[in-house]
Amino acid sequence: MPDLHVSWSDYHQKIEQLAVKIYQSGWQFNQIICLAKGGLRVGDILSRIYDLPLAILSTSSYGGANNQIRGSITFSRDLTMTTLNLGSHVLLVDDLVDSGVTLKKTLVWLDRNYGFYIEEMRTAVLWYKDCSVIAPDYYVDYLPDNPWIHQPFEPYEQTNPAELAAALSVGRGE
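On a predicted model such as this, the values are computed, not experimentally measured, just so you know.

1. Describing the pattern of salt bridges
According to the stated counting rule, one finds 4 salt bridges in the structure shown. Measuring nitrogen to oxygen at the nearest pair gives 2.6 Å for the salt bridge that ties Lys14 to Asp141. With a gap of 127 residues between them, Lys14 in helix α1 (residues 8-25) and Asp141 in strand β8 (residues 138-143) connect regions that are remote in the sequence. Two residues, Glu120 and Arg122, come together in a salt bridge whose shortest N-O distance is 3.0 Å. Residue Glu120 is classed as partly exposed on the basis of its relative accessible area, which comes to 28%.

2. Re the packing of aromatic side chains
This model, assessed by the stated rule, comprises 12 aromatic pairs. A centroid spacing of 5.8 Å and a plane angle of 80° characterise the contact between Tyr11 and Phe153, whose relative ring orientation is edge-to-face. Residue Tyr11 is located in helix α1, and its partner Phe153 is located in the loop between β9 (149-150) and α4 (161-171); the two are separated by 142 residues in the primary sequence. Of the two residues examined, Tyr11 and Phe153, each falls in the buried class. It is Lys21 that lies over the ring of Tyr139; its NZ or CZ is 5.6 Å from the centre. Stacked on the ring of Phe153, the Lys or Arg Arg41 has its end atom at 4.0 Å from the ring centre.

3. So, the side chain of Ser99
Along the chain, Ser99 falls in the loop between β6 (96-97) and α3 (101-114). By relative accessible area, which is 14% here, Ser99 ends up buried.

4. Focus on the pairing of strand β5 (residues 89-93)
Here β5 lies mainly inside the structure; 4 of its 5 residues are buried. Relative to β5, strand β2 (residues 31-36) is paired through 4 bridges, and the arrangement is parallel. Within β5, the position partnered with Ile33 by the bridge is Leu92. Sheet analysis places β5 next to strand β7 (residues 120-129), joined by 5 bridges and oriented parallel. Note on β7: the bridge partner recorded for Leu92 is Thr123.

5. Remarks on α1
Counted at 1.5 Å a residue, the expected span for α1 with its 18 residues is 26 Å, and the 26 Å between its end C-alpha atoms agrees. On its buried face, α1 is in contact with α2 (40-50), β5, β7 and β8. Just past α1, the residue Gly26 takes up positive phi, approximately 80°.

6. Section: unusual backbone geometry
Cis geometry is found at the peptide bond from Ala36 to Lys37, where omega equals 20°. Checked against the element boundaries, Lys37 lands in the loop between β2 and α2. For Asp51, which is not a glycine, the phi torsion comes out positive at approximately 55°. Examined against the element boundaries, Asp51 turns out to sit in the loop between α2 and β3 (54-63).

7. Re the nonpolar core
Ranked by size, the top nonpolar core spans 25 residues in total, and within it Leu18, Leu46 and Leu91 carry the most contacts. Sorting the residues of this core by element identifies α1, β2, α2, β5, β7 and β8 as the ones contributing at least two each. With 5 residues, α1 is the largest single contributor of residues to this core. Contacts of Leu91, omitting those with residues within four sequence positions, involve Ile22, Trp27, Phe29, Gln31, Ile32, Ile33, Leu46, Arg122, Thr123, Ala124 and Tyr138. The next biggest cluster of nonpolar side chains, apart from the first, holds 17 residues, and it includes Ile33, Ala55, Ile118 and Ile134.

What counts as what
- Residues numbered from 1 in each chain as written.
- Predicted model: local features only at pLDDT ≥ 70, side-chain atom pairs only at ≥ 80, totals over all residues.
- Heavy atoms only, no water.
- Salt bridge = Lys/Arg side-chain N within 4 Å of Asp/Glu carboxyl O.
- Helix = DSSP H or I, 4+ residues; strand = E, 2+ residues; numbered from the N terminus.
- Buried < 20%, exposed > 50% of the residue type's maximum accessible area, 1.4 Å probe, protein only.
- Phe/Tyr/Trp six-rings, centres within 6.5 Å; stacked < 30°, edge-to-face > 60°.
- Lys NZ or Arg CZ within 6 Å of the ring centre and 35° of its normal.
- Pairing = 2+ DSSP bridges.
- Expected span 1.5 Å × (residues − 1).
- Contact = heavy atoms within 4.5 Å.
- Core = buried A, V, L, I, M, F, W, Y, C linked by side-chain atoms within 4.5 Å.

Shown next as structure tokens:
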């Protein structure tokens, strides 16, 4: 399968479709945790739609050329959240599940560090690739051919502030 290119409009529509799938399941949750960086936008929008607190867990597993080389996963020391305690019914969100290693290890990390708060946790992503070792509870698109997904924010990974300033000043005729 060729690479999958996603526009901002398509990206936001996928998040809305995910919100509806979760809603239609009837599951009640009281906390959203997103995996940063990829799940930040998904978590932010779902948090706004559901009017629930958002916690952020920073993880890193990709690097190298165009951020397409998978390495070992690194977790932040703690969750970032605005509530005193984590909710009891947690929706863990990310943009996609590729190999599934990050999602699987995150579930273990959350259980070890916050399991005493959590009664139930479910997972939600926009894209679920066939090569994943774990199946998310909620997803919008199942991708049997495991394409590389080009998301609309990726151009920012190939620019820097000086290039952006130069491009914007040219656009204004300066």
